[in-house]
There are 2 protein chains.
Amino acid sequence: MAIVRKTKSVHTLLEVMKQAGEALSVVDLVNRLDQEMNKTTVYRILDRLEDEGLLHSFQGKDGLKWYAQCQDCSTEHHTDMHPHFQCVQCGKTTCLPLEVTIPKVPNVKIQSASLLLTGLCEECLT
Amino acid sequence: MAIVRKTKSVHTLLEVMKQAGEALSVVDLVNRLDQEMNKTTVYRILDRLEDEGLLHSFQGKDGLKWYAQCQDCSTEHHTDMHPHFQCVQCGKTTCLPLEVTIPKVPNVKIQSASLLLTGLCEECLT
DNA sequence: CTCTTATTGCAATTAAGTTGCAAAAGTAAA
DNA sequence: TTTACTTTTGCAACTTAATTGCAATAAGAG
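Residues numbered from 1 in each chain as written. Chains lettered and ligands numbered in written order. Predicted model: local features only at pLDDT ≥ 70, side-chain atom pairs only at ≥ 80, totals over all residues. Heavy atoms only, no water.

The name an unreviewed UniProt entry assigns to chain A is Fur family ferric uptake transcriptional regulator, from the organism Leeuwenhoekiella palythoae.

In structure tokens form, the structure reads like this:
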């Protein structure tokens, strides 16, 4: 695995993720960081941070790639699996701190699982 | 809901899905049907068939949209949810005839859930 | 400081998915 | 089967997420 330097760009990106406190799509991140860095850089840093295990990604229902930072994320704990929730109205997307029981499937070797729940969040319900 | 006519194109597409016997990505479908119809038509027919409930779709880990036909699919039974398995080596993707327990999340209204399992299929394991 | 390696910006490219519009095909009623 | 109307299709152009090549810059080790 390539060495990931904690450059200024990396720090800025992680800070934006932390401030957001929820999952962000790559498109959203590119927009938020438009003044700070090039979009190619955003894509590349996200790749590296995911390799390192500092972020994890999943495919949104919108076809976009989403990234999130969570407590469980680390290089060792990479296969860890938790569901995500995406509000169909406001788009807010969060990691759910829940254990998911992965169904047993005979004759295959499961390497990863991703569970995406969609619906209406608390704020959009009221 | 618009009326979906069983045109020749619709029939051909459904036949290809049936022959495949597994989930197919839109890109794959467009290629397989290249001689028979335009790619725009493939996209539009898939949309309509999903509305009608004859097919269901999900986002693959590759970022592509995948479609599958299954026994459970019908207009009435639209919110039905089952997991999919995608082999990382050969790409074979199938519906798993399993019930999935959707975790209870407080204060939100879950409308849909999609569970994608990835790993190695029986053939690629041996 | 100097050498080496990793990172970044920029422009161009690839590829998935969408849109507008005119032509063709299907449906129903006379 | 002719006519009138609606849905479907093909085609070309377009939008946009994601990738690539290359030169320039920044970081780290000695």
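There is more to say, and it comes next.
Run through the interface of chain B and chain A, naming residues and quoting values.
At the interface, 31 residues of chain B touch 30 residues of chain A. Carbon and sulfur atoms make up 61% of the area that chain B and chain A hide from each other, which totals about 2,500 Å². On the surface where chain B and chain A come into contact, there are zero salt bridges. Our count for the chain B to chain A interface comes out at ten residue pairs in polar contact (both at pLDDT 80 or more). For the side of chain B that touches chain A, the secondary structure elements donating two or more residues are β6 (109-120) and α4 (122-125) of chain B. By residue number, the principal contributor to the side of chain B that touches chain A is β6(B), which donates twelve residues. Class assignment of the residues belonging to the side of chain B that touches chain A gives a composition of 17 nonpolar, ten polar and four charged. As judged from the eleven bridges shared by strand β6 (residues 109-120) of chain A and β6(B), these two strands associate in the antiparallel manner. Considered in β6(B), the bridge of A:Leu115 is made with B:Leu115. (Contact = heavy atoms within 4.5 Å. Buried area = accessible area lost by both parts, 1.4 Å probe. Salt bridge = Lys/Arg side-chain N within 4 Å of Asp/Glu carboxyl O. Polar contact = N/O pair within 3.5 Å; in protein donor to acceptor, adjacent residues only side chain to side chain. Helix = DSSP H or I, 4+ residues; strand = E, 2+ residues; numbered from the N terminus. Nonpolar A, V, L, I, M, F, W, Y, C, P; charged D, E, K, R; others polar. Pairing = 2+ DSSP bridges.)

Tell me what's going on with the protein's contact with DNA strand C, and back it up with residues and numbers.
Surrounding DNA strand C, one finds 22 residues, the nearest of these being A:Arg5, A:Thr7, A:Thr41, A:Arg44 and A:Arg48. Each atom of DNA strand C within 4 Å of the protein was classed as base or backbone; sugar and phosphate made up 65%. For DNA strand C, a phosphate oxygen lies 3.1 Å from a polar atom in the side chain of B:Tyr43. B:Lys65 is positioned with one of its backbone polar atoms (N or O) 3.5 Å from a phosphate oxygen of DNA strand C. Only α3 (39-52) of chain A together with α2 (26-32) and α3 (39-52) of chain B provide two or more residues apiece to the surface near DNA strand C. Ranked by the residues each element gives to the surface near DNA strand C, the list is headed by α3(A), at five residues. (Near = heavy atom within 4 Å.)

Talk me through the pattern of salt bridges; I want residue IDs and the actual numbers.
All names here are of chain B. Summed over all chains, the structure comprises two salt bridges over all chains. When the shortest N-O distance is used, the salt bridge between Arg32 and Asp28 registers 3.0 Å. Within this pair, Arg32 and its partner Asp28 are both found in helix α2, separated by four residues, close to a single helical turn.

Give me the lowdown on the relation of the copies chain B and chain A, citing residues and values where you can.
Note on the identical chains: chain B maps onto chain A by a rotation of 180° and an axial translation of 0.0 Å, with an RMSD of 0.1 Å. Taken together, the turn and the small shift mark the pair as related by a two-fold rotation axis. Of the C-alpha atoms belonging to chain B, the one lying closest to the rotation axis is found on B:Leu115, 2.2 Å away. Comparing interface residues between copies, 97% of those in chain B also sit at the interface in chain A, which points to an isologous, same-surface contact. (Least-squares fit on C-alpha atoms with pLDDT ≥ 70 in both.)

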